[in-house]
Amino acid sequence: QKYLRVNKEEGIQLAITSKKGNNEILLLNFLKKEVSKFKDALSQNDIKLQLLVGQEEKMRKEFGKILLRIIIAIFLVLGVIFIVYPEVYYISILVKSILATLLLSSIVYYYLEVEFHIYSLAGFSISVGIALDNIIVMLNHHTKKNNRNI
């Protein structure tokens, strides 16, 4: 806690930090709800309450960008595969493989208690890209050889 002056008015700054391993975005959402409850009551007494945000907003934006990139990449791959293999059979194999990969990855991440932050999500997008590459190679092999033997 410390005293400061903002716009020639006295104020108190209270810093709230989370413990290591806690979800900072959830903490920020909780604090926003709590601050909104007190704002109205304090404004009647001529007291202003302001929430200063740290890195959480940047993290939220980065999460959104990375998730959007993953979704766009998957749809681009599906579009290219649809152009190369216009049959629904191949598209269904690709979609089922992508869903199985994402489901298995999510299960493994859950049981290993992997924390999602910007770097782990970027690694997840890279692993999804590698899995997509392997799925496409196997789909091509299945198309050319007409069997499932490797």
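The following paragraphs examine the structure supplied in this document. (Residues numbered from 1 in each chain as written. Predicted model: local features only at pLDDT ≥ 70, side-chain atom pairs only at ≥ 80, totals over all residues. Heavy atoms only, no water.)

## What to know about the overall build of the protein chain
We count it as follows: Numbering goes from the N terminus for both helices and strands, where a helix is a DSSP run of H or I of at least four residues and a strand is a run of E of at least two. Working rule for contacts: check all heavy atoms of both residues, and any pair within 4.5 Å makes them a contact. Shrake-Rupley sampling with a 1.4 Å probe provides the accessible areas, and residues are treated as covered by the protein chains on show and by no other component.
Scanning the protein chain for helices and strands turns up four helices and two strands. Mapped in sequence order, the helices and strands of the protein chain form the string β-β-α-α-α-α. Contacts in the protein chain between residues far apart in sequence, at least 24 positions, make up 55% of those at least 6 positions apart. Element-wise, carbon and sulfur atoms account for 61% of the exposed surface of the protein chain, whose accessible area totals about 12200 Å².

## Quick word on the environment of His-117
With respect to the helices, strands and loops of the structure, His-117 is situated in the loop between helix 3 (88-111) and helix 4 (118-145). Remark: the alpha-carbon pair of His-117 and Met-59, spanning 58 residues in sequence, is separated by 7.9 Å.

## What about a nonpolar patch on the surface?
For the record, the criterion: A patch consists of residues whose relative accessible area exceeds 30% and which take part in no salt bridge; residues with like charges are grouped when within 9 Å of each other, and nonpolar side chains (Val, Leu, Ile, Met, Phe, Trp, Tyr) when within 5 Å. Every case where a carboxyl oxygen of Asp or Glu lies within 4 Å of a side-chain nitrogen of Lys or Arg is listed as a salt bridge.
Nonpolar side chains collect at one region of the surface, where Leu-103, Leu-104, Ile-107, Tyr-110 and Tyr-111 lie side by side and expose about 620 Å² of accessible area between them. Relative to the helices and strands, Leu-103 resides in helix 3.

## Considerations on the packing of aromatic side chains
The cut-off we apply is this: Two rings from Phe, Tyr or Trp (for Trp, the six-membered ring) form a pair when their centres sit within 6.5 Å of each other. Planes less than 30 degrees apart are called stacked, planes more than 60 degrees apart edge-to-face, and all others tilted. The cut-offs for exposure are 20% and 50% of the maximum accessible area for each residue type, with area from a 1.4 Å probe on protein chains only; residues under the lower value are buried, those over the upper are exposed, and the others partly exposed.
Under the counting rule described, the total for this entry stands at one aromatic pair. An angle of 75 degrees between the planes, with centres 5.3 Å apart, marks the rings of Tyr-110 and Tyr-111 as edge-to-face. Judged by its relative accessible area of 64%, Tyr-111 falls in the exposed class.

## Thoughts on helix 1 (residues 24-43)
Here is the rule: Between the first and last residue of a helix there are one fewer steps than residues, each counted as 1.5 Å, and that sum is the expected span.
In a regular helix each residue adds 1.5 Å, so 20 residues correspond to 28 Å; helix 1 covers 27 Å between its end C-alpha atoms and thus fits that length. Those residues of helix 1 that sit buried are Ile-25, Leu-28, Leu-31 and Val-35.

## Let's talk about helix 3
For helix 3, built from 24 residues, the straight-helix expectation of 34 Å at 1.5 Å per residue is met to within 8% by its first-to-last C-alpha distance of 34 Å. When we look at burial in helix 3, the residues that qualify are Tyr-90, Ile-91, Leu-94, Ile-98 and Ser-105. Looking one or two residues past helix 3, Glu-113 carries a phi angle of roughly 55 degrees, positive in sign.

## Remarks on the environment of Arg-60
Looking at where Arg-60 falls in the secondary structure, it is placed in helix 2 (residues 56-84). We classify Arg-60 as partly exposed; its relative accessible area is 29%. Sequence separation between Arg-60 and Ile-25 is 35 residues, and the spatial gap between their C-alpha atoms is 7.2 Å. Sequence-distant contacts of Arg-60, that is, excluding residues within four places in its chain, are made with Ile-25, Leu-28, Asn-29 and Lys-32.

## A closer look at the side chain of Ser-105
So the rule is basically this: Whenever a nitrogen or oxygen atom comes within 3.5 Å of another N or O atom, the pair is scored as a polar contact, on the condition that within protein one atom can donate a hydrogen and the other can accept it, and that pairs from neighbouring residues in sequence are kept only if both atoms are in side chains.
Mapped onto the fold, Ser-105 is located in helix 3. Relative accessible area serves as the criterion here: at 18%, Ser-105 is assigned to the buried category. Polar contacts involving the side chain of Ser-105 include one to the main-chain carbonyl oxygen of Thr-101, which spans 2.8 Å.

## So, the nonpolar core
Filter applied, for reference: Here, nonpolar core means buried Ala, Val, Leu, Ile, Met, Phe, Trp, Tyr and Cys residues that are tied together by side-chain atoms lying within 4.5 Å of each other.
Counting residues in hydrophobic clusters, the biggest one holds 19 residues, and the most contacted among them are Ile-74, Ile-81, Leu-94, Ile-98 and Leu-132. Where this core is concerned, the elements lending two or more residues are helix 2, helix 3 and helix 4. Per element, the largest residue contribution to this core is seven residues, and it comes from helix 2. Those residues in contact with Ile-81, other than ones at most four positions away along the chain, are Pro-86, Ile-91, Leu-94, Ile-136 and Leu-139.

## Some points on the environment of Ser-120
Along the chain, Ser-120 turns up in helix 4. Ser-120 gets classed as buried once you look at its relative accessible area, which sits at 17%. Residues contacting Ser-120, with those up to four places away along its chain left out, are Val-114 and Glu-115.

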